[in-house]
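Results of the structural survey
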Amino acid sequence: MTKIEMNSLAAKKIREAMEQQENKELKLRVSVDHMHGDHAHYGMNLDTQKPEDEVVTVQGLEVLVGPEHKEMLDGLSIKFLLYPQEGFKITNPAKNNHGDH
């Protein structure tokens, strides 16, 4: 099972975004936007579940993990930070990825 952690503020912001959607079947999908070497840049969006997806429950949210790059998503950390700049920060400390460069 894929492990994902999320702070409560990130969960709150994601729930707020989901509540604004007409399609109530949308769930949070995490993905690898691009990779170079052993380093990945992560992304997330709202999407519908596909048969091959793993569903991971984090902070009461169902998070979709597709089969591609699954090993790079295991250990993902999703945080919403207020400082130094307000916004989401997605890293994977388990893969020695502590942020964009």
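Here, the structure is the one placed above.
Everything quoted here is computed from the prediction, not taken from an experiment.

Quick word on the overall build of the chain
Check the secondary structure of the chain and you find two helices and seven strands. Helices (α) and strands (β) of the chain occur, in sequence order from the N terminus, as β-α-β-β-β-β-α-β-β. For a compact globule of 101 residues, the expected C-alpha radius of gyration is about 13 Å, and the chain comes in at 13 Å, within 12% of that figure. Referenced to the eigenvectors of the C-alpha coordinate spread, the extents of the chain come out at roughly 40 × 35 × 20 Å. For the chain, the residues scored as buried account for 40% of the 101 residues in total. Here the analysis covers contacts within the chain between residues at least 6 apart in sequence; of these, 53% occur between residues at least 24 apart.

Some remarks on the sheet that holds strand E7 (residues 87-91)
The strand order across the open sheet formed by three strands is E1-E6-E7, and the pairing between neighbours is mixed. Sheet topology places strand E1 (4-6) and E7 at the edges, where each strand pairs with a single neighbour. Along the sheet, successive strands turn relative to each other by an average axial angle of 15 degrees, direction set aside. Here strand E6 (residues 76-81) pairs with E7 via five bridges, running antiparallel. Its bridge partner lying in E7, Phe80 is registered against Phe88. The strands touched by helix H1 (residues 8-19) within the sheet are E1, E6 and E7, with E6 carrying the most contacts at an inclination of about 80 degrees.

What to know about the side chain of Asp47
By the secondary structure assignment, Asp47 is in strand E3 (residues 39-47). There is a polar contact of 2.7 Å between the side chain of Asp47 and the side chain of Arg29. If we skip the residues at most four places from it in the chain, Asp47 touches Glu25, Leu26, Lys27, Arg29 and Leu64.

Calculation notes
Residues numbered from 1 in each chain as written. Predicted model: local features only at pLDDT ≥ 70, side-chain atom pairs only at ≥ 80, totals over all residues. Heavy atoms only, no water. Helix = DSSP H or I, 4+ residues; strand = E, 2+ residues; numbered from the N terminus. Rg over C-alpha atoms; globule rule 2.2 N^0.38 Å. Buried < 20%, exposed > 50% of the residue type's maximum accessible area, 1.4 Å probe, protein only. Contact = heavy atoms within 4.5 Å. Pairing = 2+ DSSP bridges. Axes fitted to C-alpha atoms, helices over the stretch in contact; angles between N-to-C directions. Polar contact = N/O pair within 3.5 Å; in protein donor to acceptor, adjacent residues only side chain to side chain.

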